Amino acid sequence: MISIQTARLVGFIRGNTSETIKTITIYSRSLSGEILPLPLKLYPDGYFDADIHIEHPKMLSFRLLKSGEANFYIEPGHTLAMILDWEDVLKGDRYRDRQYIFTNTEFAGSLAEVNRDLLKRTIFKPSWYEKEGRKKNMSPTEHRKDIEDRINNNLEALLKTETEHPLHPKAKRLIENEIKAEALTELLDFDINYLRREYEKEEPPISTDYYSPLNLLTDDRSLLSVLSSDQLLSSLNNASIFFRPGNIYRPEFKPNESFGDYLDSQGKVVSEELSKYLPLIQETLEAPEGKVSEETKKALRENNEAIHQVLQEHINEFMDYQNKYTKQDLFKNYSINLQKRNDILKDSLGINGILKDVSLLYNHLMWQNTFQDLPADEVISMTEGLMELLINPYIKKRVSEHKF
């Protein structure tokens, strides 16, 4: 595991109406992708405290009511004190369709000034309903332009704030990166949703130009500290571009018999409906790197539900058939996919800094957690292969200092 350090949060809610001790959970994602629940205890007199276990400086948040989040910036080894105003909390619960910042919050401790200046941020963030509407109705070009405009408008608002009241350098950098991270998370979430539109509605494939706003991200460690960092990394790790034909390595599949013949050898009776789709299923299974013809794509779209239903009758045989004739080489599979992910991040997404390295580290640890019985020498080789692709000094140091 990567080294976890402790910080401390203490505080008081002025005007709190609680009558019992409550435990509120603060969630933080580690560099490995693991979700870390951090309990915060709220006492009847309004006092609260929490031990914050984190690897690096981070903005975190917690909810006292259904809506409205109290957030704060904390660093390992530091203690932050904060006083929340209960009327502020109630107001935040009423503003359920927009972001609300608890501007009446007071801070004390070595990180007080940074946190006070973070309260001055004014970042436009659309509601969940607005985001869903854009996913369904906007073209990739329209959505990219909308994201670019939002980032630029929010950066202009930050410049105006800075002109009126000079901000602490850490606060300014965090606000600037939060502006980018929040909007670019939506850019990547749109990409995931659009893949379904391509498949179901035959809309044109998304081009690499769509991802050009990601170039706005710099190799800045504070990207890992902003409120949207967890969502950004999650959306980046699951971007549909990694799962498109040709972008994911498929082990060699060379069957000595067709799936229909395999079912026959297992004594399974093949229905007339399944027989109708067997040639289409076979072509898909044997397509190089998953790349099928446009005609086959169309046939798969039109018959997707029917194929899924008939395959469910023989799902165990289908999996056994694939496993029987697939050349298993986990180390080769890992190495090729790692290199492909690295190249896509750099060349297609324009990400070549700390976010690229954290994405590769997450992928590396996920692979090892999935295949825990790998030989020790292969695990060492995998880590060495990862190290060769890392470029950010902080992440390289983290990986080199710890065994995974």
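Our structure is the block above this text.
Predicted, not measured: the structure shown is a model, and the values here were computed from it.

*Asks:* Please set out the overall build of the protein residue by residue, giving values where relevant.
*Replies:* Helix and strand counts for the protein stand at 15 helices and eight strands. Dimensions along the principal axes, computed over C-alpha positions, put the protein at roughly 75 × 50 × 45 Å. Counting every position in the protein, which comprises 404 residues, the buried fraction comes to 48%. Partitioning the intrachain contacts of the protein with sequence separation of at least 6 by distance along the chain shows that 71% fall at a separation of at least 24.

*Asks:* Give a detailed account of helix α6 (residues 229-237), specifying residues and quantitative values.
*Replies:* The buried fraction of α6 is high, at seven of nine residues. Within α6 the residues assigned to the buried category are Ser-229, Asp-230, Leu-232, Leu-233, Ser-235, Leu-236 and Asn-237. Looking at the packing, one finds that the buried side of α6 touches β2 (22-29), β5 (58-62), α5 (169-201), α12 (330-348) and α13 (354-370).

*Asks:* Requested: an account of the pattern of salt bridges, with residues and values cited.
*Replies:* A complete count under the given rule lists 25 salt bridges for this structure. Between Glu-176 and Lys-180 there is a salt bridge; the shortest N-O distance is 3.4 Å. Of the two residues, Glu-176 and Lys-180 are both situated in helix α5; the distance of four residues between them amounts to about one turn of the helix. In this structure Glu-176 comes out as partly exposed when scored by relative accessible area, which is 29%. We note a salt bridge from Arg-197 to Glu-203, for which the minimum N-O separation is 3.0 Å. Residue classification places Arg-197 among the buried residues on the basis of a relative accessible area of 6%. Judged by relative accessible area, which is 22%, Glu-203 ranks as partly exposed.

*Asks:* Just give me the short version of the sheet that holds strand β7 (residues 79-85), but keep the residues and values in it.
*Replies:* Read across the open sheet, the six strands follow the order β2-β3-β4-β1-β7-β8; overall the sheet is mixed. Both outer strands of the open sheet, β2 and β8 (106-108), are each paired with one neighbouring strand and no more. Averaged over all pairs of adjacent strands, the angle between their axes in this sheet comes to 20°, without regard to strand direction. Across eight bridges, strand β1 (residues 5-14) lies against strand β4 (residues 47-54) in antiparallel orientation. Looking at β4, one finds that Phe-12 is bridged to Tyr-47.

*Asks:* I'd like to hear about the pairing of strand β6 (residues 70-74), residue by residue, with values.
*Replies:* Along β6, five of the five residues are buried, which leaves the element largely enclosed by surrounding structure. Here β6 shows two buried faces, one formed by Ala-70, Phe-72 and Ile-74 and the other by Asn-71 and Tyr-73. Pairing between β5 and β6: five bridges, direction antiparallel. The residue of β6 that forms the bridge with Phe-62 is Ala-70.

*Asks:* Please give an account of the packing of α12 against α13 that cites residues and values.
*Replies:* Axis separation between α12 and α13 bottoms out at 10 Å; the angle between their running directions is 160°. Looking at the two axes, α12 sits roughly antiparallel to α13. Judged by the twist between their axes, the crossing of α12 over α13 is right-handed. Along its contact with α12, which presents Leu-330, Asn-333, Tyr-334, Leu-338, Arg-341, Asn-342, Leu-345 and Lys-346, the element α13 presents Lys-356, Ser-359, Leu-360, Asn-363, His-364 and Trp-367.

*Asks:* Tell me about the environment of Gln-309, and please be specific about residues and values.
*Replies:* Its place among the elements puts Gln-309 in helix α10 (residues 304-312). Assessed through its relative accessible area of 49%, Gln-309 is described here as partly exposed.

*Asks:* Summarise the packing of aromatic side chains; cite the residues concerned and give the values.
*Replies:* The tally for this structure, following the rule as stated, stands at 13 aromatic pairs. Every member of this aromatic cluster is reached through a ring pair, and the members are Phe-253, Phe-259, Tyr-262, Phe-318, Tyr-321 and Tyr-325. It is Arg-341 that lies over the ring of Phe-242; its NZ or CZ is 4.0 Å from the centre.

*Asks:* Go over the nonpolar core, please, and point to the residues and values.
*Replies:* Core analysis: the largest hydrophobic core is formed by 89 residues, its most contacted members being Leu-9, Ile-52, Phe-62, Phe-72 and Leu-349. The element contributing the most residues to this core is α5, with eleven residues. With residues near it in sequence (within four places) discarded, Leu-9 still touches Ile-26, Leu-40, Phe-48, Asp-49, Ala-50, Ile-52, Phe-62, Phe-72, Leu-80 and Met-82. In terms of nonpolar packing, the next biggest core, distinct from the first, is built from 19 residues, Leu-263, Leu-278, Leu-285 and Phe-318 among them.

*Asks:* Can you tell me about the pairing of β4, naming the residues and giving the values?
*Replies:* As judged from the two bridges shared by strand β3 (residues 35-42) and β4, these two strands associate in the antiparallel manner. The partner of Lys-41 across the bridge, within β4, is Asp-49. If you look at the hairpin formed by β3 and β4, you'll find four residues sitting between the two strands, and Gly-46 has a positive phi there, around 95°.

*Asks:* With reference to specific residues and values, describe the packing of α6 against α13.
*Replies:* Between α6 and α13, the least distance of the axes is 10 Å, while the angle of their chain directions is 65°. Accordingly, the angle class assigned to the pair α6 and α13 is roughly perpendicular. Note on packing geometry: the crossing formed by α6 with α13 is right-handed. Facing α6, whose interface residues are Leu-232, Leu-233, Leu-236 and Asn-237, α13 presents Leu-355, Val-358, Ser-359 and Tyr-362. Looking at the contact of α6 with α13 residue by residue, the class counts come to six nonpolar, two polar and no charged.

Cut-off values and rules
- Throughout, residues of each chain are indexed from 1 in the direction in which the sequence is written.
- Whole-chain, interface and lining totals are the exception, using all residues; otherwise, since this is a predicted model, local features are given only for residues with pLDDT of at least 70 and side-chain atom pairs are given and counted only at 80 or more.
- Excluded from the side-chain calculation are hydrogens and water; included are all heavy atoms of the structure.
- The helix and strand labels rest on DSSP assignments: H or I over at least four residues marks a helix, E over at least two residues marks a strand, and numbering proceeds from the N terminus.
- Throughout, exposure labels follow a simple rule: accessible area from a 1.4 Å probe, protein chains only, divided by the maximum for the residue type, with under 20% read as buried, over 50% as exposed, and the rest as partly exposed.
- We call two residues contacting when some pair of their heavy atoms lies within 4.5 Å.
- We count a salt bridge whenever a side-chain nitrogen from Lys or Arg sits within 4 Å of a carboxyl oxygen from Asp or Glu.
- Strand pairing is assigned whenever DSSP detects at least two bridges linking the two strands.
- Orientation is described by lines fitted to C-alpha atoms, with helices fitted over the stretch in contact, and by angles between N-to-C directions that extend from 0 to 180 degrees.
- In these notes the angle categories are as follows: under 35 degrees is roughly parallel, over 145 is roughly antiparallel, 65 to 115 is roughly perpendicular, and the rest is oblique.
- Crossing handedness is read from the near helix: turned anticlockwise from the far helix by less than a right angle, it gives a left-handed crossing, and turned clockwise, a right-handed one.
- When two rings of Phe, Tyr or Trp (its six-membered ring) have centres within 6.5 Å they constitute a pair, described as stacked for plane angles under 30 degrees, edge-to-face for angles over 60, and tilted for the intermediate range.
- Geometrically, a lysine NZ or arginine CZ counts as sitting over a ring once it is within 6 Å of the ring centre and also within 35 degrees of the ring normal.
- Buried Ala, Val, Leu, Ile, Met, Phe, Trp, Tyr and Cys residues that are joined via side-chain atoms within 4.5 Å together make up what is termed a nonpolar core.
- Three categories are distinguished: nonpolar for Ala, Val, Leu, Ile, Met, Phe, Trp, Tyr, Cys and Pro, charged for Asp, Glu, Lys and Arg, and polar for the others, with Gly belonging to the last.

Honestly, that's just the spatial picture; any functional story needs more than this.
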